[in-house]
Amino acid sequence: MYKRLSAVMFPLTALLLLGALVWGYQENQEKNSILIKAENQYQRAFHDLSYHVERLHGELGNTLAVNTTSNGMHRKGLVNVWRLTSEAQNEINQLPLTLLPFSKTEEFLSKISNFSYKAAVRDFTKKPLTEAELGNLKALYTNSGEISKDLQEVQNKVISNRLRWMDVETALATENKAEDNTIIDGFKTVDKRVSAYPELDWGPSVASIYDKRSVKKLGGTPVTAEDIKRKAIKFAGLGSNAKVDVKENGKGTEWTSFTATVKASNNKKSISMDFTTKGGLLISYNDNREVGPAKISMKNAVSKSEQFLKQKGFPNMTAVSADRYDNMGNLTFVTSHDGVLIYPEKLTVRVGLDTGEATGFQASDYVNEHQVKRIIPKPKLSLAEARKMLNPDFKELYNRLAWIENEDSVELLTYEFGGKINGSQYRIYLNSADGNEESVEEIRTSSGAQDK
């Protein structure tokens, strides 16, 4: 009996063992293949990064070598600088550096990219490179040469010592002997060098990209939790007997605020609101009521929302867009001043289309950008003169004056034209002083959307 059982089990066990060995070998081969592929991708990205930073240094030198009045060569050089920095940024993103402090170098390349792009797209015949911008290019030429040299040193060590990027990934993930890794040390050296560079004056158009909106700009006296409690009861409109819970957010930081939750005395309704600590300004409002089937039109919803905003202390607001999503409406309002729409002072209102009551709104842009007295000049061009600047195929649906912030973070007066071309709907903003296109927006309509 034992011999018969052995005669059956032994070949079966041997077959299973052989199968396990074959499977293990195939799994190991596939794993090695994946690792080799990843290593090759890392090596290619790093060598491309070193090459493009070297090219960047050379292109900056070429741009500086020509006469200061050579607008065409300056434009071509700056376009190439923008392209090379964009490629270098892309290659950095392909390397396993997410756990490694390399943010200074990435920000440095980002600023070069934005600076060169902003300068290249403008009209050099009207606004040639300034002395300050030429000074920036000279500093960038020197700095990029130093960075290129550091990267080439790392590259030479990688090649001569046959270093692997997979070891970098492992070291960063496990923090195992990370200080002894040549590649990691090389990148830390680069980032340390970049962090020591003096900050350049990039100009307002580039600086605005990196400047975080500061709530320190807000005026008003700091308020207390008791002040917020009184404001919350008034804004909620749930009666003087409503229960109020006030919490302070971000205490000890620049971004402090208050959140107030107001519950009706019968506990059937609850509204939450956020307020600034300076002045106690209402930032957001949220009513979590259940919204029923839609019964009112978007036009009626806009009208009710305007009344709601007036009650909450936001007068002179005009709806500029209205989108419908099932039984909800999402409306965007901006301040209207003497017939001019002030787009920086923007807020959004969420409406239930069952009753037209607002279920929430967000007013952080309005709160931070609102000015009691905003000086708006008269347009230098007439409407007819501005209209001549439009594409002849553009089918105009409406026009109005609009105060906007352009790509260079400069606020200015424009003619806003809404219309259609090439089967799509657009808003085109033309400078009211010279007719230049300041902004073009495609209007992507949702179900029931309206362009106001």
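Above: the structure in question.
Let us look at the structure shown here. Here the structure is a predicted model, which means the values were calculated and not measured.

## A short note on the pattern of salt bridges
Logical step 1: For the structure on display, the rule yields 16 salt bridges.
Logical step 2: When salt bridges with common partners are traced through the structure, they connect Arg-400, Glu-416, Arg-427 and Glu-441 into a single cluster.

## Side note on the side chain of His-52
Logical step 1: If you trace the backbone, His-52 turns up in helix H1 (residues 2-65).
Logical step 2: The class for His-52 is buried, based on a relative accessible area of 11%.
Logical step 3: Within the structure, the side chain of His-52 is placed 2.8 Å from the side chain of Glu-87, a separation counted as a polar contact.
Logical step 4: Apart from residues no more than four positions distant in its own chain, His-52 is found in contact with Leu-84, Glu-87 and Glu-91.

## With respect to the environment of Pro-222
Logical step 1: Note on placement: Pro-222 falls in the loop between helix H7 (204-210) and helix H8 (225-236).
Logical step 2: Considering only alpha carbons, one finds Pro-222 and Thr-277, 55 residues apart in sequence, at a separation of 5.5 Å.
Logical step 3: Not counting residues within four places of it along the chain, the set of residues in contact with Pro-222 comprises Thr-277 and Lys-278.

## Re the packing of aromatic side chains
Logical step 1: Inspection of the entire model under this criterion finds 10 aromatic pairs.
Logical step 2: Plain terms: the ring middles of Phe-314 and Tyr-366 are 5.1 Å apart, the flat faces sit at 75° to each other, and that makes the pair edge-to-face. Of this pair, Phe-314 sits in the loop between helix H9 (298-311) and strand E5 (317-325) while Tyr-366 sits in helix H10 (residues 364-369), placing them 52 residues apart in sequence.
Logical step 3: Classification of Phe-314 as buried rests on a relative accessible area of 6%.
Logical step 4: Owing to a relative accessible area of 7%, Tyr-366 belongs among the buried residues under this scheme.
Logical step 5: Each residue in the set Tyr-285, Phe-308, Phe-314, Phe-361 and Tyr-366 is aromatic and connected to the rest through ring pairs, giving one cluster.

## Section: the environment of Val-410
Logical step 1: Considering the arrangement of structural elements, one finds Val-410 in the loop between strand E9 (395-405) and strand E10 (411-421).
Logical step 2: On the accessibility criterion, Val-410 (38% relative accessible area) is partly exposed.
Logical step 3: Excluding residues that lie within four positions of it along the chain, Val-410 makes contacts with Ile-404 and Glu-405.

## Concerning the pairing of strand E6 (residues 328-337)
Logical step 1: Among the 10 residues of E6, seven are classified as buried, and the element is accordingly described as predominantly covered.
Logical step 2: For E5 and E6, the ladder comprises eight bridges, and the chain directions are antiparallel. Residue pairing for E6: Thr-318 is matched across the bridge by Val-334.
Logical step 3: Taken together, E5 and the strand that follows it, E6, pair antiparallel across an intervening segment of two residues, in which Asp-326 is found at a positive phi of about 55°.
Logical step 4: Taking the residues that link successive antiparallel strands as the turn, the E6-strand E7 (residues 340-352) hairpin has two residues, and the phi of Asp-338 there is positive, at about 50°.

## A closer look at the nonpolar core
Logical step 1: Residues Phe-46, Leu-49, Leu-140, Ile-147, Leu-151 and Phe-187 are the most contacted members of the largest nonpolar core, which totals 39 residues.
Logical step 2: Among the elements of the structure, H1, helix H2 (71-93), helix H3 (103-120), helix H4 (131-160), helix H5 (165-174) and helix H6 (182-195) are those that each provide at least two residues to this core.
Logical step 3: Broken down by element, this core gets its largest block of residues, eight residues, from H1.
Logical step 4: For Ile-147, the contacting residues outside a window of four places in its chain are Val-53, Phe-108, Val-190, Val-194 and Tyr-197.
Logical step 5: Leu-238, Phe-275, Tyr-285 and Ala-301 belong to the second-largest nonpolar core, a separate cluster that totals 37 residues.

## Brief notes about the pairing of strand E8 (residues 358-362)
Logical step 1: With four of its five residues buried, E8 lies for the most part within the structure.
Logical step 2: Direction of pairing for strand E4 (residues 282-287) relative to E8: antiparallel, over a ladder of three bridges. When the bridges of E8 are listed, Ser-284 appears paired with Gln-362.
Logical step 3: Where E7 and E8 come together, four bridges link them in antiparallel fashion. Residue pairing in the sheet places Val-349 in a bridge with Phe-361 of E8.
Logical step 4: Between E7 and E8, which pair antiparallel and follow one another directly, the connecting turn spans five residues, one of which, Gly-356, has a positive phi of 85°.

## Focus: H6
Logical step 1: An ideal rise of 1.5 Å per residue puts 20 Å on 14 residues; H6 measures up with 20 Å between its terminal C-alpha atoms.
Logical step 2: Listed as buried for H6 are Ile-183, Ile-184, Gly-186, Phe-187, Val-190, Asp-191 and Val-194. Burial along H6 is one-sided: seen end-on, the buried residues are contained in an arc of 160°.

## Details of the packing of H2 against H3
Logical step 1: Running from N to C, H2 and H3 point in directions that differ by 150°, and their axes come no closer than 8 Å. Comparing their axes, H3 and H2 come out roughly antiparallel. Here H2 and H3 pass one another in a crossing that is left-handed. Across the interface between the two elements, Arg-75, Leu-78, Val-79, Val-81, Trp-82, Thr-85, Ser-86, Ala-88, Gln-89, Ile-92 and Asn-93 from H2 touch Glu-106, Leu-109, Ser-110, Ile-112, Ser-113, Ser-116, Tyr-117, Ala-119 and Ala-120 from H3.

## Some details on unusual backbone geometry
Logical step 1: Within the chain, Asp-338 stands out as a residue other than glycine whose phi angle is a positive 50°.
Logical step 2: Topologically, Asp-338 is positioned in the loop between E6 and E7.

Conventions adopted
Residues numbered from 1 in each chain as written. Predicted model: local features only at pLDDT ≥ 70, side-chain atom pairs only at ≥ 80, totals over all residues. Heavy atoms only, no water. Salt bridge = Lys/Arg side-chain N within 4 Å of Asp/Glu carboxyl O. Helix = DSSP H or I, 4+ residues; strand = E, 2+ residues; numbered from the N terminus. Buried < 20%, exposed > 50% of the residue type's maximum accessible area, 1.4 Å probe, protein only. Polar contact = N/O pair within 3.5 Å; in protein donor to acceptor, adjacent residues only side chain to side chain. Contact = heavy atoms within 4.5 Å. Phe/Tyr/Trp six-rings, centres within 6.5 Å; stacked < 30°, edge-to-face > 60°. Pairing = 2+ DSSP bridges. Core = buried A, V, L, I, M, F, W, Y, C linked by side-chain atoms within 4.5 Å. Expected span 1.5 Å × (residues − 1). Arc of directions from axis to C-beta. Axes fitted to C-alpha atoms, helices over the stretch in contact; angles between N-to-C directions. Parallel < 35°, antiparallel > 145°, perpendicular 65-115°, else oblique. Left-handed = near helix turned anticlockwise from the far one by under 90°.

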